[in-house]
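Spelled out from the first residue to the last, the chains are:
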Amino acid sequence: MNTDCEQIASLVQAQRDFFCTGATLPTEFRKTQLKRLYAALAAHEAEITAALFADLKKSALESYETEIALVLAELRYALRHINSWTRPKRVRLSPMHFCSKARIYPEPHGVSLIMSPWNYPFLLTFSPLVSAIAAGNCAVIKPSQHAPHASRVIASLIEDTFDARHVCTVQGGREIDHPLLSQPFDFIFFTGSPAAGKAVAAAAAERLIPICLELGGKSPCIVDGTANIDIAARRIIWGKLLNAGQTCIAPDYVLVCTEVKEPLMQAMQRYIRLFYGSDPVHNAQYPCIINMHHFERLRALADGSDKRNGAVRLDSLHLYDAESRKIAPVLLDNPHADAPVMQEEIFGPVLPVIAVADTHKALRFAAERPAPLALYIFSEDKTVQRSVISQLRCGGCCINDTIMHIASPLLPFGGVGNSGHGRYHGKFGFDTFSHRKSVLKKSTRIDIQLRYPPHTDDKTAAAHLLMR
């Protein structure tokens, strides 16, 4: 729904009142809501697919495999495991706590705010929502105005599925961000750019609201001389061109050992043609750029007239199409480290390829930059694999693959440093939307006087008790 400040405050208060009734706490209530969401997503698959095509020109298959299927998998996993997640966990205590029992109780934060982006609007709205519901929270969802068709379907689906006192949406642009972030939420989950994440974190800090930031960054891909070049090229191009590169964990640039650079470049060009033909901008299965602002930004980054960008390698009849907002895949050959394309997250179908003498130089190059959301290494050398994993900080990593670490609810997904903090998927999402409450229960059948005043200087008895 479109709202003003007073309406937002009223929505949040209604959810707080509902949460305080305890209605969201029973496990059966949470399971019922998750089942309703599963049924709604399955029933509205055609509408979701149509909205994604309208906003991003995603094919039906790409929409299903990168958004719908992943959310359904999260829902199935949560429904299978929610009983064990919500069960209090018993803790063994030391002898000083004799005649005591201790447990850790997971409890919901309360009323949460989920701010989702435009690039994967359904996945990055409903995946955290699954975690929020499983943990027993109420949720206000603010989808991105840059994907208007998806935003309307999300709002309609949620309105038809949930009581607004439990889950509701707020639609609008930046004009509603301030009134929304000024509300007394108990938890905020934000997915977006590092710059926007800093603004959200600053607003949350004013009210001491805990927050999970899922941001982005320049995710490197390292290819050494032992790599299977054909497989590396195929998986790099697939991961890079999902959603036309508008993926927060897409390979942002490639660091390749000099001796295999040319074979890798040729193989990547070959797979661009195999996947999308010689004229990708007129391929119906090739996604578009979300809006003209990002289209022009990406066209400037891909422009080979800036000598620092290096030579542009293209095999396309048409490089750009403003009417459809499509940009053909671009490989940049050895751009300088200070080139514009190396200064910001690309978030589009432009891939710099930089030659390095060896993996040590690649590690140093990547380590000198902010910790990325993802890191990829193509190598058959286990020593190199271990070096990359141990020496480079990142949110998540794939060895001899790209993207796929996001697809399992058994693996946590989240950033580190500039790429965010907090994590979700599966049990990790449940934990993110939960507070772990410590409870110690002490027997009254016996009460040792040693801990009470007046005290003596003899520490022997106390030491004996504590060290048993």
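Residues numbered from 1 in each chain as written. Predicted model: local features only at pLDDT ≥ 70, side-chain atom pairs only at ≥ 80, totals over all residues. Heavy atoms only, no water.

**Thoughts on the overall build of the protein**
Logical step 1: Within the protein, the secondary structure is distributed over 15 helices and 18 strands.
Logical step 2: On C-alpha atoms alone, the protein measures out to a radius of gyration of 25 Å, which is about the 23 Å that the 2.2 N^0.38 rule sets for 468 residues.
Logical step 3: Seen along its three principal axes, the alpha-carbon backbone of the protein occupies a region of about 85 × 55 × 40 Å.
Logical step 4: Burial status across the protein gives 53% buried among its 468 residues.
Logical step 5: A fraction of 73% describes how many contacts in the protein between residues 6 or more apart in sequence connect residues 24 or more apart.
Logical step 6: For the protein, the exposed area adds up to about 20,900 Å²; of that, 55% sits on carbon and sulfur atoms. (Helix = DSSP H or I, 4+ residues; strand = E, 2+ residues; numbered from the N terminus. Rg over C-alpha atoms; globule rule 2.2 N^0.38 Å. Buried < 20%, exposed > 50% of the residue type's maximum accessible area, 1.4 Å probe, protein only. Contact = heavy atoms within 4.5 Å. Areas by Shrake-Rupley, 256 points an atom, 1.4 Å probe, with all protein chains shown as cover.)

**Some points on unusual backbone geometry**
Logical step 1: Here the bond from Pro453 into Pro454 is cis, since omega is 0 degrees, no more than 30 degrees from zero.
Logical step 2: For Asn400, which is not glycine, the phi torsion reads 60 degrees and is therefore positive.
Logical step 3: Within the secondary structure layout, Asn400 lies in the loop between strand 16 (396-399) and strand 17 (420-421).
Logical step 4: With a relative accessible area of 17%, Asn400 lands in the buried category.
Logical step 5: Although it is not a glycine, Ile403 sits at a positive phi angle of roughly 70 degrees.

**Focus on a nonpolar patch on the surface**
Logical step 1: Together, Val91, Leu93 and Leu440 give the surface a local cluster of nonpolar side chains, amounting to about 210 Å² of exposed area.
Logical step 2: Position of Leu440 relative to the elements: it lies in strand 18 (residues 434-442). (Patch = residues over 30% accessible without salt bridge, like charges linked within 9 Å, V, L, I, M, F, W, Y side chains within 5 Å. Salt bridge = Lys/Arg side-chain N within 4 Å of Asp/Glu carboxyl O.)

**Observations concerning the packing of helix 2 (residues 27-43) against helix 5 (residues 123-134)**
Relative orientation and spacing of two packed helices are given, respectively, by the angle between their axes and the distance between those axes.
Logical step 1: Contact geometry of helix 2 with helix 5 gives a least axis separation of 9 Å together with a crossing angle of 160 degrees. Between helix 2 and helix 5, the crossing angle belongs to the class labelled roughly antiparallel. Helix 5 is crossed by helix 2, and the crossing has right-handed handedness. Contacts from Arg30, Gln33, Leu34, Leu37 and Leu41 in helix 2 reach Phe126, Leu129, Val130, Ile133 and Ala134 in helix 5. (Axes fitted to C-alpha atoms, helices over the stretch in contact; angles between N-to-C directions. Parallel < 35°, antiparallel > 145°, perpendicular 65-115°, else oblique. Left-handed = near helix turned anticlockwise from the far one by under 90°.)

**Here we look at the packing of aromatic side chains**
Ring pairs (aromatic) are described by centroid distance and by the angle formed between their planes.
Logical step 1: For the coordinates displayed, the defined rule picks out 13 aromatic pairs.
Logical step 2: For the ring pair Tyr77 and Trp85, a centre distance of 5.9 Å and an interplane angle of 45 degrees mean the geometry is tilted. Each member of the pair, Tyr77 as well as Trp85, carries the same accessibility label: buried.
Logical step 3: Measuring from centroid to centroid gives 6.1 Å for Phe413 and Tyr424, while their planes differ by 75 degrees, and the two rings are edge-to-face. One end of the pair, Phe413, is in the loop between strand 16 and strand 17; the other, Tyr424, is in the loop between strand 17 and helix 14 (426-432), with 11 residues separating them in the sequence.
Logical step 4: A network of ring pairs unites the aromatic residues Phe187, Phe189, Phe413, Tyr424 and Phe433 as a single cluster.
Logical step 5: The positively charged end of Lys57 is found above the aromatic ring belonging to Phe53, 5.4 Å away from the centroid. (Phe/Tyr/Trp six-rings, centres within 6.5 Å; stacked < 30°, edge-to-face > 60°. Lys NZ or Arg CZ within 6 Å of the ring centre and 35° of its normal.)

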